[in-house]
Every structure is written in C-alpha cells, then in structure tokens.
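Remarks on the overall topology
As a plain string of letters, each chain reads:
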Amino acid sequence: MTGDTANPGVMGRGLLFWGGLMLASYLVVAALGTTGAVDGAALNILVILPFALVMPMIAAANRRSEARAAGCGAKGEAQRRYMKRVAVFTFLYLVVLGIMTFAIKQGDVHPVLRTFLALLPGLAVVGIFWSVGRLIVEEQDEFLRMLVIRQSLIATGFAMCAASVWGFLESAEVVQHLDAYWWAVAWFFGLGLGAAANRLRYGTWGAV
C-alpha cells in the first residue's frame, strides 16, 4: 500500500487537490481584479480567502511526509520543518492582512501606522520564501533537493516572465495596472507548474 493510499489527506483529499484548488481560486480572483469586476476592500478580502487553503494543503503534505519518513527513517524531516514554518507564516499572513484591511477600511489611520501595517503581510510572504530556501539548505536527500531547486527555478522564471510581459503591456496601456504582490502569487502558481514539470520529467512531484 502506498503512502497516498494510507494517508488520504484532509477530508479524503490529497496535497494536489488542495494546491490545485488554491491556484484555481487565485486565477479567479486575478481575473475579477484585472477586469475590474471587484476592487477595493472586497478584492483584498478575496485575495485573503484562497490563501486559507494552504492549511489543509499543509496538513495533507505533512501526512505524506510522515508516510515517507516511516518507510525511510530520517527522510522527510526537512519537509516537516518546512511545512511547520509555512504554516506559521501563513497564519501570520492571514492575521496581519485581516488587521491591515480592517484598519485601513476604518480610515484616518496615521501614516506611520499605515506603513507598519502594510509591511507586515509582505514580511509574512517573505517568510514563506525563506522557508523554501531553508528547505533547500536542510534537505539531505540530493534528489529531493534537486527537485525543489528545479521547481523554484521554474516558479521564478514564470513569475519574472509574467511580470515583464505584463509590465510592457501595462506601459502600452493595453492592460490594467496590477499591484506588485500579484507577482508573488504568480511565483506560487509557478511552484505548481514546477511540480507538474517534475512529475513529467522524473515521475514525482517534489517536496514543495
């Protein structure tokens, strides 16, 4: 019996289901934002909601990592630490983004406080990037480390290409302006593309 069969994940769904659902949700939110169908505080709230899907995704990934560790000794320890870090930074992101959105919606917020609140969600996302970097450093299995690096490079290439193309289209006034944090969202979407590329090339999705 495989690890995926013995550990069905959250609500009977695995890592790929929750990850795919999160990416699909962000695509819908991005479409609503770029078309102007939703904007302002409502758009900020919609940006928050799909990120909550990271929690069941992390739980499903932890189950898979534990199954691997049970069959391979210490293998999977780096992935477990990675998942815990991502869970912490995701929780912080949701909390501080909610606080920032609520505070700014009230109006009459001091510029210093507004700046401080605006920095916190970005720093939480930076923490997730740092977690990926620590996974690369701490992973002892060279094959898994290669998969993570390959996945991250694909994500970076996708996000940078998307930012470059969109930026020039925006300069030509062909498309609407996008806030810069969307390129971080593009990077996370690129992780999914990298996982798919790993699956096609090596027969496994990788650790991220």
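A brief look at the structure comes next. (Residues numbered from 1 in each chain as written. Predicted model: local features only at pLDDT ≥ 70, side-chain atom pairs only at ≥ 80, totals over all residues. Heavy atoms only, no water.)

**Side note on the environment of Y181**
What counts here: A helix here means a DSSP run of H or I that spans at least four residues, while a strand means a run of E at least two residues long, and both kinds are numbered starting from the N terminus. Each residue is placed in one exposure class: buried if its accessible area under a 1.4 Å probe, protein chains only, is under 20% of its type's maximum, exposed if it is over 50%, and partly exposed if it falls in between.
Relative to the helices and strands, Y181 is located in helix α8 (residues 181-202). Classification of Y181 as partly exposed rests on a relative accessible area of 36%. Here the alpha-carbon distance between Y181 and G122, two residues 59 residues apart in the chain, equals 8.0 Å.

**A look at the pattern of salt bridges**
Short version of the rule: Salt bridges are defined as contacts in which a side-chain nitrogen from Lys or Arg sits within 4 Å of a carboxyl oxygen from Asp or Glu.
Tallied over the entire structure, the rule returns five salt bridges. Put simply, R81 and E77 hold a salt bridge, and the shortest N to O gap is 3.6 Å. On the criterion of helical spacing, the pair formed by R81 and E77 is a turn pair, its members being four residues apart in helix α5 (residues 77-106). Classification of R81 as partly exposed rests on a relative accessible area of 32%.

**A closer look at the nonpolar core**
We count it as follows: Here, nonpolar core means buried Ala, Val, Leu, Ile, Met, Phe, Trp, Tyr and Cys residues that are tied together by side-chain atoms lying within 4.5 Å of each other. Throughout, a contact is declared for two residues whenever any of their heavy atoms are within 4.5 Å.
Counting 37 residues, the largest nonpolar core has Y26, V47, Y82, Y93, W182, W187 and F188 as its most contacted members. Elements that contribute at least two residues to this core include exactly α2 (15-35), α3 (40-51), α4 (54-72), α5, α6 (111-138), α7 (142-171) and α8. Ranked by the residues each element gives to this core, the list is headed by α5, at nine residues. When neighbours within four sequence positions are excluded, V47 is seen to be in contact with Y26, V29, Y93, Y181 and W182.

**Some remarks on the side chain of E138**
Assignment of secondary structure puts E138 in helix α6. Note on E138: relative accessible area 13%, which makes it buried. The residues touching E138, leaving out its near neighbours within four places in the chain, are A78, R81 and R85.

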